[in-house]
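Results of the structural survey
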Number of protein chains: 2
Amino acid sequence: MDLLKLENQVCFPLYALSRMMTAVYQPLLDELNLTYPQYLVMMVLWEHRELSVKDIGAKLLLDSGTLTPLLKRMQEKQLLKRTRSAGDERVVLVTLTQTGLDLKTKAAHIPNAFRCHIPLGDHELLAFKDTLTKLLTKTETTINNN
Amino acid sequence: MDLLKLENQVCFPLYALSRMMTAVYQPLLDELNLTYPQYLVMMVLWEHRELSVKDIGAKLLLDSGTLTPLLKRMQEKQLLKRTRSAGDERVVLVTLTQTGLDLKTKAAHIPNAFRCHIPLGDHELLAFKDTLTKLLTKTETTINNN
DNA sequence: TAAAATTAAATTGTATGCAATTTAATTAAG
DNA sequence: CTTAATTAAATTGCATACAATTTAATTTTA
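Our subject in this report is the structure included herewith. Fair warning: this is a prediction, and the values are worked out from it, not measured in the lab. (Residues numbered from 1 in each chain as written. Chains lettered and ligands numbered in written order. Predicted model: local features only at pLDDT ≥ 70, side-chain atom pairs only at ≥ 80, totals over all residues. Heavy atoms only, no water.)

**Observations regarding the protein's contact with DNA strand D**
The environment of DNA strand D is made up of 26 residues, and the closest members are Y15(A), T68(A), K72(A), T35(B) and Q38(B). Protein-adjacent atoms of DNA strand D, using a 4 Å cutoff, are sugar or phosphate at a proportion of 78%. Between DNA strand D and T35(B), the relevant distance is 2.6 Å, taken from a phosphate oxygen to a side-chain nitrogen or oxygen of the residue. Counting only elements with at least two residues in the surface near DNA strand D, the list comes to α1 (11–30), α3 (53–60), α4 (64–76) and β2 (80–84) of chain A together with α2 (36–47) and α4 (64–76) of chain B. Considered class by class, the residues forming the surface near DNA strand D number six nonpolar, nine polar and eleven charged. (Near = heavy atom within 4 Å. Polar contact = N/O pair within 3.5 Å; in protein donor to acceptor, adjacent residues only side chain to side chain. Helix = DSSP H or I, 4+ residues; strand = E, 2+ residues; numbered from the N terminus. Nonpolar A, V, L, I, M, F, W, Y, C, P; charged D, E, K, R; others polar.)

**A few points about the relation of the copies chain B and chain A**
Of the transformation placing chain B onto chain A, the axial shift is 0.0 Å and the rotation is 180 degrees, giving an RMSD of 0.0 Å. Both copies of the chain, as the preceding transformation shows, are related through a two-fold rotation axis. Comparing contact sets, 100% of the residues at the interface of chain B also lie at the interface in chain A, consistent with an isologous, same-surface contact. (Least-squares fit on C-alpha atoms with pLDDT ≥ 70 in both. Contact = heavy atoms within 4.5 Å.)

**Some thoughts on unusual backbone geometry**
At Q78(A), a residue that is not glycine, the phi angle is positive and equals roughly 65 degrees. Summarising the element assignment, Q78(A) is placed in the loop between α4 and β2.

**Here's the deal with the packing of aromatic side chains**
Counted by the stated rule, this structure contains twelve aromatic pairs over all chains. Pairing F12(A) with Y15(A) gives two aromatic rings, centres 6.4 Å apart and planes at 50 degrees, and the pair type is tilted. Of this pair, F12(A) and Y15(A) both sit in helix α1, three residues apart, roughly one helical turn. Under the relative-accessibility criterion, F12(A) is labelled buried at 7%. Looking at Y15(A), the relative accessible area reads 13%, which means it is buried. On the numbers, 5.8 Å between centres and 85 degrees between planes, the contact of Y15(A) with Y36(B) is edge-to-face. Linking Y15(A) in helix α1 with Y36(B) in helix α2, this pair reaches from one chain into another. Members of the aromatic cluster, joined through ring pairs, are F12(A), Y15(A), Y25(B), Y36(B), Y39(B) and F114(B). We note R19(B) situated over the ring of Y15(B); from NZ or CZ to the ring centre the distance is 4.3 Å. (Phe/Tyr/Trp six-rings, centres within 6.5 Å; stacked < 30°, edge-to-face > 60°. Buried < 20%, exposed > 50% of the residue type's maximum accessible area, 1.4 Å probe, protein only. Lys NZ or Arg CZ within 6 Å of the ring centre and 35° of its normal.)

**Observations regarding the interface of chain B and chain A**
Contacts between the two partners involve 57 residues from chain B, matched on the other side by 57 residues from chain A. Joining chain B to chain A, the criterion identifies four salt bridges. Here D2(A) ties to K104(B) by a salt bridge, and the two come within 2.9 Å at their closest N and O atoms. Seen at the junction of chain B and chain A, the total is twelve residue pairs in polar contact (both at pLDDT 80 or more). Of all the secondary structure elements, the ones that give two or more residues to the side of chain B that touches chain A are α1 (11–30), α2, α3 (53–60), α5 (98–107), α6 (110–115) and α7 (122–144) of chain B. Of the residues that constitute the side of chain B that touches chain A, the class distribution is 38 nonpolar, nine polar and ten charged. (Salt bridge = Lys/Arg side-chain N within 4 Å of Asp/Glu carboxyl O.)

**Remarks on the pattern of salt bridges**
All told, the structure shown has ten salt bridges over all chains when counted by the stated rule. For E47(A), the salt bridge identified is with K5(B), shortest N-O distance 4.0 Å. One end of the pair, E47(A), is in helix α2 (residues 36–47); the other, K5(B), is in the segment before α1, on a second chain. Linked through salt bridges whose partners overlap, the residues forming this network are K5(A), E7(A) and E47(B).

**Regarding the state of the cysteines**
Enumeration over the complete set of coordinates arrives at zero disulfides over all chains. C116(A) takes part in no disulfide bond, and the closest cysteine sulfur, belonging to C11(B), lies 14 Å away. Residue C116(A) is classed as exposed on the basis of its relative accessible area of 66%. (Disulfide = S-S within 2.5 Å.)

Function-wise, these values are silent; they only describe arrangement.
Set out below in structure tokens:
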């Protein structure tokens with residue numbers, strides 16, 4: 001068996017599916033004028049009132065090279081504020097504006113709207129999510145124990 | 001249950017795992033001076049002697065906006081040739097150079113080297129690949145039947 | 001067959017990702 | 001207490017992704 005054939009790859013369908021899911025989200029997110037990574041940032045900030053850039057990066061597995069310009073664009077859209085921490089001037093704290101907080105109402109229908117496009121039953125979808133989450137966690141550990 | 005929480009998302013672990021897997025490949029691909037998308041292009045061209053940009057896009061689910069500059073970079077690295085089809089001048093046909101063909105030897109160890117970093121047994125990995133492939137295919141169909 | 005529609009790449013513009021470096025602030029060590 | 005090491009963001013540079021448009025070639029159709 002030729003292991004260098006596309007059909008024998010695990011990561012190609014992972015890569016392609018990830019992009020396809022983002023494409024499924026896009027028309028829904030267009031209504032909120034958000035990209036998918038920006039939607040993820042909104043989600044962690046709806047959940048946690050105030051987070052540093054590092055905190056957001058730890059949750060989304062993104063570094064400041066990605067987050068700094070992304071957060072600046074979100075700030076330009078009046079969704080959030082970025083302020084230096086008083087206690088530690090190295091840290092930038094991010095909080096949502098009222099506009100950003102209010103956007104959660106407009107986003108409330110997105111999870112269900114998205115769900116409709118996924119051709120999996122509830123049980124399979126949950127099992128799939130579990131597999132992904134466990135593999136993500138385990139791989140993260142594996143990599144860090146280098 | 002708040003469906004707008006990060007932990008309740010299916011697509012976040014998909015998105016994060018996809019990027020993490022690419023990061024696992026990177027040190028292996030560095031030896032070949034390839035990025036992950038370039039590696040995928042090499043793979044389809046090792047398998048098929050000649051492909052149009054459209055063919056490559058159909059296999060990798062990428063459009064000419066992504067592929068044209070990517071293929072130009074690979075051409076600059078002497079990995080492939082791009083020529084207009086004689087029969088249909090709209091079509092650009094891509095074939096590997098001898099250098100590109102020869103690179104398969106240097107790539108032969110990559111699948112196994114990569115496999116070592118994935119904390120899953122053979123059976124689970126195959127099952128995971130199947131799930132991904134089926135969901136990719138089904139979602140593709142769902143989207144096209146819009 | 002000539003105009004209209006379609007198709008394949010390329011181009012343009014914007015938004016990630018990420019490696020590598022830089023800057024500024026804080027902490028650790030001697 | 002002062003220097004060295006570390007840390008958090010920002011910056012720089014490069015490579016995807018992808019929407020939207022453009023260009024050139026081919027097909028369709030009236």
